[in-house]
Amino acid sequence: MLNGDRFRRRKVLRAGVVALLALAYAGAGLYLRLVLHTDQVYTHLAYVPIVLAGMWWGRKGSVVAGLLGLVVLVHDLLGLGAADLASDLARVTLFIVVGLCVGWLSERVRRGERALRISEAKHRLLTEKSLAGICVYRNERVLFANERLGAMLGCAPADLVGRSIWDFIHEPDQPKVRDLLARREAEGLTDLHYECRFLRRDGRVIWTDLASALAEYEGAPAVLVHLYDITEMRATEEQRRELSELARRQEEQLVHSTRLAELGEMAAGVAHELNQPLTGIRNFARNALYMLQTGAADSSRDAPDVQDNLRLITEQVDRAARIISQMRELTRRSERQFALIDINAVLTESVEFLTPQMRLAGVDVRLDLAPDLPEVMGDRIRLEQVFLNLLTNARQAMEESRERRLTVRTWLDRSGGQAVAIEVADTGNGFPPEVAERLFTPFFSTKKPGHGTGLGLSISLTIVKDHRGTIQAVGAPGAGARFTVRLPLPAEPHPADEWD
Ligand code: ADP
């Protein structure tokens, strides 16, 4: 409002000054011509209001030149003019030309001034309101610092100007920054981006994200630096890292205790499983010993009994050995060898390995393997163990079935992350829901005593989990069973990274 009033007053004042000068010119003209009969000096008086009008109103100001020219011509028409009409016309033309030139020049100057004002306002907006601390330095001395940088370093921007940049960079970070600056010089880089710590005036250390670029400042080369205060962000990140480390340690502990619990359970299972063959061995050995002691074995009729007992002992020892070896498979975790493998090839080999048994059991084996299946990262031997187990289970489940068909299928499964899927489906006796729940439990078996250890599927599950895969079983009594293994593609983080 105040500005508006002042502006209006200035306009009126200017108009008044020009009008007064123009009147003075006209009045002086009359006096000089009528009284002194000359217009030599007087003409030049016209240029004062003409120039002022041009300066203040631009080309519009040439109207004043026109008006004064009109006065000259009126004088001429009234016969008051001292010069002839031609020279007065030339004079009027000059008035207008001068008015236009001064107006044009003043408009240009005013446009330049406005552009400068706008540019200064922009500069102020960008530097003062910027969220980044901004600094310009040359020869390691600060030439300019904005308000934000002052606030970041706990002082006024003016206090920073003239100081060395090394006064603010936290000492432990100085070698790193010196290296980077030297590299910029050596490799001719223009921009640098790094994180480094700064020292505030109050002694606190802040973390900054810093971008610096070579620039020109006041006509000479300099370095322009933008800094963001990331202290809080770093602290949150640090906290998050600590929390995730804590979570990881807790998870490790959990895994460890779970494994201990599993081992405890397993030990109980093993003791139970081994008890049977050991009892058998003891009984058969006692029998044989008794026969030999009593001489019963000497008679040709009883000799085969001792042999039978010894054979039964051997069988029980084999069984115990099998249980122990499977247990070792279940617990051995350190010898895994991961490599890129072709699942179709591993499956084909497993099927070929079991072909004689399948043929003997009258099982029709069908392979439906997807061509161009991507390789997976896996332990070939262990995966073979999984497939052999699934195939053997399927064969055993079909022993009493009329139709004995075993289908092995592979495909690339794109549902929920890319994985290679392997399906082993049979037309065997299937399983009821209560069995489905316990399939993967160690030592769970529905097979006749001595035929199954109940460890096959739990070992398979451990192996598949080690591959970050899944294993799924679907089945119903009398309707066969379908086991699907999914192994993720190598794009996923390598399982070996997580081994302990
Ligand atoms: P085992 O074969 O020694 O019994 P597994 O862990 O391999 O041990 O299998 C556990 C149980 O899962 C089997 O006893 C059986 O009841 C069930 N099972 C596994 N595969 C099949 C299948 N293809 N069809 C029906 N039941 C199955």
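Residues numbered from 1 in each chain as written. Predicted model: local features only at pLDDT ≥ 70, side-chain atom pairs only at ≥ 80, totals over all residues. Heavy atoms only, no water.

**What to know about the overall build of the protein**
- Regarding its fold elements, the protein presents 14 helices and 12 strands.
- Put simply, the protein has 500 residues, and 35% of those count as buried.
- Taking as baseline every contact in the protein between residues at least 6 positions apart, the subset at least 24 positions apart corresponds to 61%.
- Surface accessibility of the protein: about 30200 Å² in total, with carbon and sulfur atoms responsible for 57%. (Helix = DSSP H or I, 4+ residues; strand = E, 2+ residues; numbered from the N terminus. Buried < 20%, exposed > 50% of the residue type's maximum accessible area, 1.4 Å probe, protein only. Contact = heavy atoms within 4.5 Å. Areas by Shrake-Rupley, 256 points an atom, 1.4 Å probe, with all protein chains shown as cover.)

**Notes on a positive patch on the surface**
- Together, Arg 108, Arg 111, Arg 114 and Arg 117 make up a region of like positive charge exposed at the surface.
- One can find Arg 108 in helix H5 (residues 85–128).
- Using a relative accessible area of 48% as the deciding quantity, one classes Arg 108 as partly exposed. (Patch = residues over 30% accessible without salt bridge, like charges linked within 9 Å, V, L, I, M, F, W, Y side chains within 5 Å. Salt bridge = Lys/Arg side-chain N within 4 Å of Asp/Glu carboxyl O. Lys, Arg positive; Asp, Glu negative; His and termini not counted. Charge placed at Lys NZ, Arg CZ, Asp CG, Glu CD.)

**A short note on the site of the ligand**
- As a matter of local geometry, the ligand sits amid 21 residues, with Asn 393, Ser 445, Thr 446, Lys 447 and Leu 457 nearest to it.
- Contact between the ligand and Asp 426: a nitrogen atom at 2.9 Å from a side-chain N or O atom of the residue.
- Between the ligand and Thr 446, the relevant distance is 2.4 Å, taken from an oxygen atom to a side-chain nitrogen or oxygen of the residue.
- Listing elements by their share of the shell around the ligand, those giving two or more residues are helix H12 (380–397), helix H14 (456–466) and strand S12 (481–488).
- Counting residues per element, the shell around the ligand draws most heavily on H12, which supplies four residues.
- Looking at the shell around the ligand residue by residue, the classes come out as nine nonpolar, 10 polar and two charged. (Near = heavy atom within 4 Å. Polar contact = N/O pair within 3.5 Å; in protein donor to acceptor, adjacent residues only side chain to side chain. Nonpolar A, V, L, I, M, F, W, Y, C, P; charged D, E, K, R; others polar.)

**Considering the pattern of salt bridges**
- Counted according to the given criterion, the structure contains 22 salt bridges.
- Residues Arg 59 and Glu 107 are paired through a salt bridge, measuring 2.7 Å at the closest nitrogen-oxygen approach. A residue pair is termed long-range when its members are at least 10 positions apart, and Arg 59 in the loop between helix H3 (47–57) and helix H4 (62–77) and Glu 107 in helix H5 qualify at 48 residues.
- Between Glu 195 and Arg 234 there is a salt bridge, with its nearest N and O atoms 2.5 Å apart.

**What to know about the sheet that holds strand S7 (residues 364–368)**
- Reading across from one edge, S7-S9-S10-S12-S11 is the order of the five strands in this open sheet, with mixed pairing throughout. If you trace the sheet from one side to the other, it starts and ends with S7 and strand S11 (470–475), each paired once. Strand-to-strand twist of the sheet, defined as the mean angle between neighbouring strand axes without regard to direction, takes the value 15°.
- By the bridge criterion, eight bridges tie strand S10 (residues 419–426) to S12 in an arrangement that is antiparallel. Counterpart to Glu 423 in the pairing with S12 is Thr 484.
- Its contacts with the sheet place helix H11 (residues 343–360) against S7, strand S9 (405–413), S10 and S12, and it is angled at close to 175° to S9. (Pairing = 2+ DSSP bridges. Axes fitted to C-alpha atoms, helices over the stretch in contact; angles between N-to-C directions.)

**Description of the nonpolar core**
- By size, the foremost hydrophobic cluster in this structure holds 43 residues, and its most contacted members are Ile 343, Phe 387, Leu 390, Leu 391, Leu 406, Ile 422 and Leu 487.
- Of all the elements in the fold, those that place two or more residues in this core are helix H9 (231–294), helix H10 (303–331), H11, H12, S9, S10, H14 and S12.
- In this structure, Cys 155, Leu 160, Ile 169 and Val 225 belong to the second largest nonpolar core, which totals 25 residues. (Core = buried A, V, L, I, M, F, W, Y, C linked by side-chain atoms within 4.5 Å.)

**Some remarks on the packing of H3 against H5**
- Between H3 and H5, the least distance of the axes is 7 Å, while the angle of their chain directions is 30°. As far as their axial angle goes, H5 and H3 are roughly parallel. H3 and H5 meet at a crossing whose hand is right-handed. Contact residues: H3 offers Tyr 47, Ile 50, Val 51, Gly 54, Met 55, Trp 56 and Trp 57, while H5 offers Leu 94, Phe 95, Val 98, Gly 99, Val 102, Gly 103, Ser 106 and Arg 110. (Parallel < 35°, antiparallel > 145°, perpendicular 65-115°, else oblique. Left-handed = near helix turned anticlockwise from the far one by under 90°.)

**Considerations on a nonpolar patch on the surface**
- A contiguous nonpolar patch, built from Leu 30, Tyr 31, Leu 34, Val 35 and Leu 36 and spanning about 470 Å² of accessible area, is present on the exposed surface.
- With respect to the helices and strands, the residue Leu 30 is situated in helix H1 (residues 2–36).

**Looking at helix H8 (residues 174–187)**
- Between its terminal C-alpha atoms H8 stretches 20 Å, which fits the 20 Å expected from 14 residues at 1.5 Å a residue.
- Regarding H8, the residues found buried are Gln 174, Val 177, Leu 180, Leu 181 and Arg 184. Down the axis of H8, the sector holding all buried residues measures 125°, keeping them to one side. H8 presents Asp 179 and Ala 186 as exposed residues on the side facing more than 90 degrees away from its buried surface.
- Close packing links the buried residues of H8 with strand S1 (133–138), strand S3 (191–199), strand S4 (205–217) and strand S5 (220–229).
- Just past H8, the residue Gly 188 takes up positive phi, approximately 65°. (Expected span 1.5 Å × (residues − 1). Arc of directions from axis to C-beta.)

**Considerations on the side chain of Asp 379**
- Here Asp 379 shows up in the loop between strand S8 (376–378) and H12.
- At 3.3 Å, the side chain of Asp 379 forms a polar contact with the backbone nitrogen of Ile 381.
- Of note is the side chain of Asp 379, whose polar atom sits 3.2 Å from the side chain of Arg 382.

**A short note on the pairing of S1**
- Counted residue by residue, S1 has five buried out of six residues, so it is predominantly covered.
- Alignment of S1 against S5, held across five bridges, turns out to be antiparallel. Counted as the bridge partner of Ile 134 is His 226 from S5.
- Where S1 folds back onto strand S2 (residues 141–145) in an antiparallel hairpin, the turn is made up of two residues, including Asn 139, whose phi is positive at roughly 50°.

**Some remarks on the packing of aromatic side chains**
- Tallying each qualifying case throughout the model produces four aromatic pairs.
- Seen in terms of ring centroids, Tyr 25 and Phe 95 are 6.3 Å apart; in terms of plane orientation they differ by 75°. Their pairing is edge-to-face. In this pair, Tyr 25 is assigned in helix H1 and Phe 95 in helix H5, connecting sequence segments 70 residues apart. Both residues of the pair, Tyr 25 and Phe 95, count as buried.
- With a centroid separation of 6.5 Å and 70° between ring planes, the pair formed by Trp 56 and Trp 57 is classed as edge-to-face.
- For Trp 57, a relative accessible area of 29% translates into the label partly exposed.
- Aromatic ring contacts, followed pair by pair, group Tyr 25, Tyr 47 and Phe 95 into a single cluster.
- Taking NZ or CZ as reference, Arg 234 lies 3.7 Å from the ring centre of Trp 207, over its face.
- Directly above the aromatic system of Trp 411 lies the positively charged group of Arg 409, at a separation of 4.2 Å from the ring centroid. (Phe/Tyr/Trp six-rings, centres within 6.5 Å; stacked < 30°, edge-to-face > 60°. Lys NZ or Arg CZ within 6 Å of the ring centre and 35° of its normal.)

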